[in-house]
Amino acid sequence: MTVIADRPASAPDLLRVRQDLLDRVERRLDRFTEAERLRWLAINPRAAQPVEAVIDMVGRGGKRLRPIFCLSAFLAAGGDPGAEVAVDASAALELLQAFALIHDDVIDNSALRRGAPTIHVRQAGEHSSQGWQGEARRFGEGVAVLAGDLAFVYADELTFDFPPPARRLWGELRTELIVGQHLDVAVAAEAVVDPRLSRWIAVCKSGRYSIQRPLLLGATLAGRPGLADAFAGYGLALGEAFQLRDDLMDAFGSTEAAGKPAGLDFAEHKMTLLLALAVERDPRIRGLLARDGDAPWDADLIRRVLEETGVRDAVERTIGELVERAVASLAPAGLDPVWSDEFSRLATLVAYRDR
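Just so it is clear, the structure is predicted and the values come from calculations on it, not from any experiment. (Residues numbered from 1 in each chain as written. Predicted model: local features only at pLDDT ≥ 70, side-chain atom pairs only at ≥ 80, totals over all residues. Heavy atoms only, no water.)

What follows covers helix H12 (residues 273-281). Along H12, seven of the nine residues are buried, which leaves the element largely enclosed by surrounding structure. Where H12 is concerned, the buried positions are Leu273, Leu274, Leu275, Ala276, Leu277, Ala278 and Val279. Of the surrounding secondary structure, the elements contacted by the buried residues of H12 are helix H8 (195-221), helix H9 (228-252), helix H11 (264-267), helix H13 (284-288), helix H14 (299-308) and helix H15 (311-329). (Buried < 20%, exposed > 50% of the residue type's maximum accessible area, 1.4 Å probe, protein only. Helix = DSSP H or I, 4+ residues; strand = E, 2+ residues; numbered from the N terminus. Contact = heavy atoms within 4.5 Å.)

Time to look at the pattern of salt bridges. Considering all chains together, one arrives at 30 salt bridges under this definition. Linked by salt bridges that have partners in common, Glu172, Glu176, Arg208 and Arg213 make up one network. (Salt bridge = Lys/Arg side-chain N within 4 Å of Asp/Glu carboxyl O.)

Now for the packing of helix H5 (residues 119-130) against helix H6 (residues 136-157). It is at 7 Å that the axes of H5 and H6 come closest, and there the two elements cross at 135°. In this view, H5 runs oblique relative to H6, as classed from their interaxial angle. Note on packing geometry: the crossing formed by H5 with H6 is right-handed. Mapping the contact onto sequence places Ile119, His120, Gln123, Ala124, His127 and Ser128 in H5 and Ala136, Arg137, Phe139, Gly140, Glu141, Val143 and Ala144 in H6. (Axes fitted to C-alpha atoms, helices over the stretch in contact; angles between N-to-C directions. Parallel < 35°, antiparallel > 145°, perpendicular 65-115°, else oblique. Left-handed = near helix turned anticlockwise from the far one by under 90°.)

A few words now on empty space enclosed by the protein. For the coordinates displayed, the defined rule picks out one cavity of 30 Å³ or more. Taken as a whole, the largest cavity spans an internal volume of roughly 50 Å³. As for the largest cavity, its lining consists of ten residues, and the residues nearest its centre are Ala191, Val192, His269, Met271 and Trp297. By residue class, the composition of the lining of the largest cavity is eight nonpolar, one polar and one charged. (1 Å grid on protein atoms, 1.4 Å probe; cavity = no way out; pocket = protein on both sides within 12 Å on 5 of 7 lines; lining within 4 Å. Points joined across faces, edges and corners; volume = space filled by probe spheres on them. Nonpolar A, V, L, I, M, F, W, Y, C, P; charged D, E, K, R; others polar.)

Considering the arrangement of structural elements, one finds Leu177 in helix H7 (residues 164-190). Sequence separation between Leu177 and Leu96 is 81 residues, and the spatial gap between their C-alpha atoms is 9.8 Å.

In this section: the side chain of Gln212. Considering the arrangement of structural elements, one finds Gln212 in helix H8. On the accessibility criterion, Gln212 (6% relative accessible area) is buried.

Let us look at the environment of Leu65. Summarising the element assignment, Leu65 is placed in helix H3 (residues 65-76). Between the alpha carbons of Leu65 and Arg199 there is a distance of 21 Å; along the sequence they are 134 residues apart.

Our next topic: the packing of aromatic side chains. Inspection of the entire model under this criterion finds nine aromatic pairs. A ring pair is formed by Phe99 and Phe152, whose centres lie 4.8 Å apart and whose planes are at 65°; its orientation type is edge-to-face. Note that Phe99 is positioned in helix H4 (residues 84-108) and Phe152 in helix H6, a separation of 53 residues in sequence. By relative accessible area, Phe99 is classed as buried at 8%. (Phe/Tyr/Trp six-rings, centres within 6.5 Å; stacked < 30°, edge-to-face > 60°.)

Put into structure tokens, the structure is as follows:
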């Protein structure tokens, strides 16, 4: 498994400790999910299918951002590297991510995830090829929903040993993710053009979930909730930069680079943070997003206008400013210089990934 936290052999001891923990997270995920697969396989091969779907999604890799931020905060806050709770927390975050991605692909009607067919598409294909009864699409989506639910349950199982403050934080993280996803769906369906609401949705369902909450979880598990303010400032600013980069990649990137269909946000009429900022900068863009029933947006025209009005360049500058704000917010925390430098490096990697 390659993660963005990989460092050369001369990396400081603290960063090697984190890599060791990340390796333990992978082993924890493998052991846990394989034990579940064998458990249900012994009853009936069909019973193991949703577990296998979870294993499929987790095994597709990814950058493991959430475990990296959780473990970095845990170690920077003085957490014990031998504590299993930090490994369990990071594995739980990856299982929660599997839940979110599997469901998100159904909601967005996406055919690809990390360069491979999505769970619901693969299951629908199996239904069709076998000539089973019923509608293939409904079968595929049904299996995917249940597999996502199972990943959600598995994530929760790994948090049973959390102390009360961490359990409360875990609950907030999950609630924000789901409510943010619902608002994303509702705003797209109602064709709401509200930059303020779009910013809140992006920060809630992506920024907080991907960066801020994992940081706070790591610090809380280490017994240093006093670092919450510094990590919150870092996480919120970097989370917004993370989402803006995601929006730019969807609007202007390629399917190969993103690992999922490019332009999907336009196809699903999503009022992304990018488009929200574009409307604020040039109100004429609002007219391009007007809906006539289910008529598709003119994606090529929107891209051209985003370029010609300078919105794309402005968003790149905003990302740079957010990275600077994120790094500056850690100054009062008094972290070990190794971790201050590492959080600065991570901010750059997250904000400028696959640019």
